[in-house]
Amino acid sequence: MIRRSDRRTADHARYARQVVQALAPHFGDLADPTTAATVERSITAYLAAPFDGWEVILDSPALANWRLKPDTGHRIRVACTRMPPRIPDAGQEQRDLERERALTALVQEQAS
C-alpha cells in the first residue's frame, strides 16, 4: 500500500518534471540535465514546504529577468522581473507581460 505522503511526494516530483519539460524549449539552460534536475528538486521541495520567498531564476543569473515564483494553490507561475529601463519602453513591457502570461498558461496546462 502506498502511503499518502509518498503519493504526494511522487505527485510533486511529477509536477516539477512537467514544469521543467514545458519550459525547457523557452529557457536553454533547462536543457542541461544537471540544471533541470536542480530546478526539479527546488520545485519539489517548495511544494512540500511552500513559502512566499521561493523563486528560481530561469535565465542568466546576471540578468535574472525570468523567474519561477509561488502562485495560488501551491503551484508556480512564470514572472518577468526585468528592471525598468531608464527610458520607459511600453512595447517591451507589453511583450514581457504577454510572454509571462503565455509561459504561465503553458506551465499550468502541461503540468495539470
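These lines cover the structure that appears in this document, whether it is placed above or below. (Residues numbered from 1 in each chain as written. Predicted model: local features only at pLDDT ≥ 70, side-chain atom pairs only at ≥ 80, totals over all residues. Heavy atoms only, no water.)

1. Here's the deal with the packing of helix 1 (residues 4-23) against helix 3 (residues 90-110)
Packed helix pairs are characterised by how far apart their axes lie and by the angle those axes make with each other. It is the contact of helix 1 with helix 3, at a shortest axis distance of 9 Å, that shows an interaxial angle of 135°. One way to sum up the angle between helix 1 and helix 3 is to call them oblique. At the point where helix 1 passes helix 3, the crossing takes the right-handed sense. Contact residues: Y15, Q18, V19, A22 and L23 in helix 1; L103, L106, V107 and Q110 in helix 3. Residues belonging to the contact of helix 1 with helix 3 are distributed by class as follows: 7 nonpolar, 2 polar and no charged. (Axes fitted to C-alpha atoms, helices over the stretch in contact; angles between N-to-C directions. Helix = DSSP H or I, 4+ residues; strand = E, 2+ residues; numbered from the N terminus. Parallel < 35°, antiparallel > 145°, perpendicular 65-115°, else oblique. Left-handed = near helix turned anticlockwise from the far one by under 90°. Contact = heavy atoms within 4.5 Å. Nonpolar A, V, L, I, M, F, W, Y, C, P; charged D, E, K, R; others polar.)

2. Regarding the packing of helix 1 against helix 2 (residues 33-48)
Here helix 1 crosses helix 2 at 135°, and the two axes come no closer than 8 Å. Put simply, helix 1 runs oblique to helix 2. Judged by the twist between their axes, the crossing of helix 1 over helix 2 is right-handed. Residues H12, A13, Y15, A16, R17, V19 and V20 of helix 1 lie in contact with helix 2, whose contacting residues are A36, V39, E40, I43, T44, L47 and A48. Grouping the constituent residues of the contact of helix 1 with helix 2 by class yields 10 nonpolar, 2 polar and 2 charged.

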